[in-house]
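Understanding the architecture of this molecule
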Amino acid sequence: AAQFTTRVIIGSRPGIGQTLREDELSIALQTPFVTGGHAILGDIDLQREAANKHGTMALEDLLAVFDEREQLAIIDMAAGVNEPIESALERIRAEAIEAVKNGARCILLDDTAVMDGLKHWIDPLLATAAVDTALRETHHADRNLRRMAGVVLRSGALRDLHDIAMALSLGANAINPYMLYAVGLGVAPKALREALTPDAIISLLDKLVGVMTKGVEKITSTIGCHELRGYGHSFSSIGLAKGVAAQFDMPNYYGSEIRGLTWTDLKAWAEERAADLRGETKAMLANADRFYPKMWKKAEDVAHGDMTLED
């Protein structure tokens, strides 16, 4: 922690030797993780207290600061039922460019619009990469648009440190993994039998944000990156179709125009998720293909307590 910093900036960033203009806003956070983001997590005051311990903010407070100055733009990471995923990404890119040109200094990429199953889910990494690239490639006045606005990612699909590192490297300045918080508090996937005390909520969130922050420090330090703000596309992909891989601007292996993870596959996944959210199907992970399936079955029985190692 003495050598590597997770400090991030949300908002405008001036050029070298320049200062922020009066109409611009910039907020520094000591960690990219913002708390809050969903009512299931409990009282917003508790979210604030946990955030304060790490020099960050609750999502609601961060958005309010920009919204008060009419510098907030919320963009849904969702596609229409009859809208191709690639077309939705182009629309999202255009919305982000237009928003920043019109004065937005904070863009929230939000996935809540898909939760009723009436719209199709878009992978948050795809959406983040598309917006980041679009803003970088567009200039306005004396800067490219990316330096004029921060990107905050609010997604329930960020499940672990790997997802978070990918999101940060692809352009998210701050992250609100609200479902990860819910699992950490034990209020998801099923509700608790007894409600958590306020002290328990603060303690659990404090530990969760602390662990994730340390995880990000270890990831960036592994490649010798001292500033999280300097962490970029330090990875490659395997098996993406060329059209999908192009969204990420990184090396891709074993993919072609028609082979690998294609736009058609992403559309099919989105349709399956929408059906699950509407309650028409039961969401279940497919069984993984494994060598020696009987051995894996016994390992699972041991893990579930159905048999012992002696058995």
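Calculation rules
Residues numbered from 1 in each chain as written. Predicted model: local features only at pLDDT ≥ 70, side-chain atom pairs only at ≥ 80, totals over all residues. Heavy atoms only, no water. Helix = DSSP H or I, 4+ residues; strand = E, 2+ residues; numbered from the N terminus. Rg over C-alpha atoms; globule rule 2.2 N^0.38 Å. Buried < 20%, exposed > 50% of the residue type's maximum accessible area, 1.4 Å probe, protein only. Areas by Shrake-Rupley, 256 points an atom, 1.4 Å probe, with all protein chains shown as cover. Lys, Arg positive; Asp, Glu negative; His and termini not counted. Charge placed at Lys NZ, Arg CZ, Asp CG, Glu CD. 1 Å grid on protein atoms, 1.4 Å probe; cavity = no way out; pocket = protein on both sides within 12 Å on 5 of 7 lines; lining within 4 Å. Points joined across faces, edges and corners; volume = space filled by probe spheres on them. Nonpolar A, V, L, I, M, F, W, Y, C, P; charged D, E, K, R; others polar. Contact = heavy atoms within 4.5 Å. Patch = residues over 30% accessible without salt bridge, like charges linked within 9 Å, V, L, I, M, F, W, Y side chains within 5 Å. Salt bridge = Lys/Arg side-chain N within 4 Å of Asp/Glu carboxyl O. Pairing = 2+ DSSP bridges. Right-handed = clockwise from strand over helix to strand, strands pointing away. Axes fitted to C-alpha atoms, helices over the stretch in contact; angles between N-to-C directions. Arc of directions from axis to C-beta. Polar contact = N/O pair within 3.5 Å; in protein donor to acceptor, adjacent residues only side chain to side chain.

1. Structural notes on the overall build of the chain
- In terms of regular secondary structure, the chain is built from 10 helices and 12 strands.
- What you see for the chain is a C-alpha radius of gyration of 21 Å, in line with the 19 Å of a compact globule of 311 residues.
- Across its three principal axes, the chain shows a C-alpha extent of roughly 70 × 50 × 40 Å.
- Counting only residues that meet the buried cut, the chain has 46% of its 311 residues in that class.
- Roughly 16,800 Å² of accessible area belongs to the chain as shown, and the carbon and sulfur atoms make up 54% of that amount.
- Mean positive and mean negative side-chain charge positions of the chain (33 and 44 charges, respectively) differ by 3 Å.

2. What to know about the layout of surface pockets
- As a volume, the largest pocket reaches approximately 1,200 Å³.
- Lining the largest pocket are 32 residues, and of these Trp121, Asp123, Ala157, Arg159 and Arg273 lie nearest its centre.
- Contributing elements (two or more residues each) for the lining of the largest pocket: helix H4 (124–136), helix H5 (161–169) and helix H9 (263–277).
- Considering each element in turn, the lining of the largest pocket owes the most residues, six residues, to H9.
- Partitioning the lining of the largest pocket into residue classes produces 21 nonpolar, three polar and eight charged.
- The computed volume of the second largest pocket comes to approximately 440 Å³.

3. Re the side chain of Arg93
- Inspection of the secondary structure puts Arg93 in helix H3 (residues 85–101).
- The residues touching Arg93, leaving out its near neighbours within four places in the chain, are Ala130, Thr133, Ala134 and Glu137.

4. Some words on unusual backbone geometry
- Cis peptide bonds are those with omega within 30 degrees of zero, and the linkage from Ala188 to Pro189 qualifies with 5°.
- Mapping Pro189 onto the fold places it in the loop between helix H6 (178–185) and helix H7 (198–222).
- Of note in the backbone geometry, Tyr254 takes a positive phi value of approximately 60° without being a glycine.
- Here Tyr254 shows up in the loop between strand S12 (252–253) and H9.
- Look at Tyr254 and you get exposed, because its relative accessible area is 75%.

5. Focus on a nonpolar patch on the surface
- Together, Ile238, Tyr253 and Tyr254 make up a nonpolar patch on the protein surface, roughly 440 Å² of accessible area in all.
- Tracing the sequence through the fold places Tyr253 in strand S12.

6. Re empty space enclosed by the protein
- Under the definition given, this model contains one cavity of 30 Å³ or more.
- Taken as a whole, the largest cavity spans an internal volume of roughly 30 Å³.
- Together, Ile85, Trp121, Ile122, Asp123, Leu126 and Leu266 line the largest cavity.
- Tallied by class, the residues present in the lining of the largest cavity amount to five nonpolar, no polar and one charged.

7. A closer look at the pairing of strand S9 (residues 150–154)
- Summarising burial for S9: five of the five residues are buried, a large majority.
- Neither face of S9 is exposed, since Gly150, Val152 and Arg154 on one face and Val151 and Leu153 on the opposite face are all buried.
- The pairing of strand S5 (residues 106–110) with S9 spans five bridges and is classified as parallel. Counted as the bridge partner of Asp110 is Arg154 from S9.
- Bridge count between S9 and strand S10 (residues 174–176): three bridges; the pairing is parallel. Bridge pairing in S10 places Arg154 opposite Asn176.
- Where the polypeptide runs from S9 across H5 and back to S10, its parallel neighbour, the crossover connection is right-handed.

8. Comments concerning the sheet that holds S10
- The four strands are arranged S3-S5-S9-S10 in an open sheet whose pairing can be described as parallel. At either end of the open sheet lies a strand with only one pairing partner, and these are strand S3 (72–76) and S10. For this sheet the average axis-to-axis angle between neighbouring strands, irrespective of direction, equals 20°.

9. Quick look at helix H1 (residues 44–52)
- Taken as a whole, H1 has its buried residues at Leu46, Gln47, Ala50 and Ala51. Seen end-on, H1 carries its buried residues on one side only, within an arc spanning 140°.
- Those residues of H1 that are buried are in contact with H7.
- Capping the start of H1 is the job of one residue whose side-chain oxygen sits 2.8 Å from the backbone nitrogen of Asp45: Asp43.

Geometric descriptors of this kind do not, in isolation, establish any biological role.
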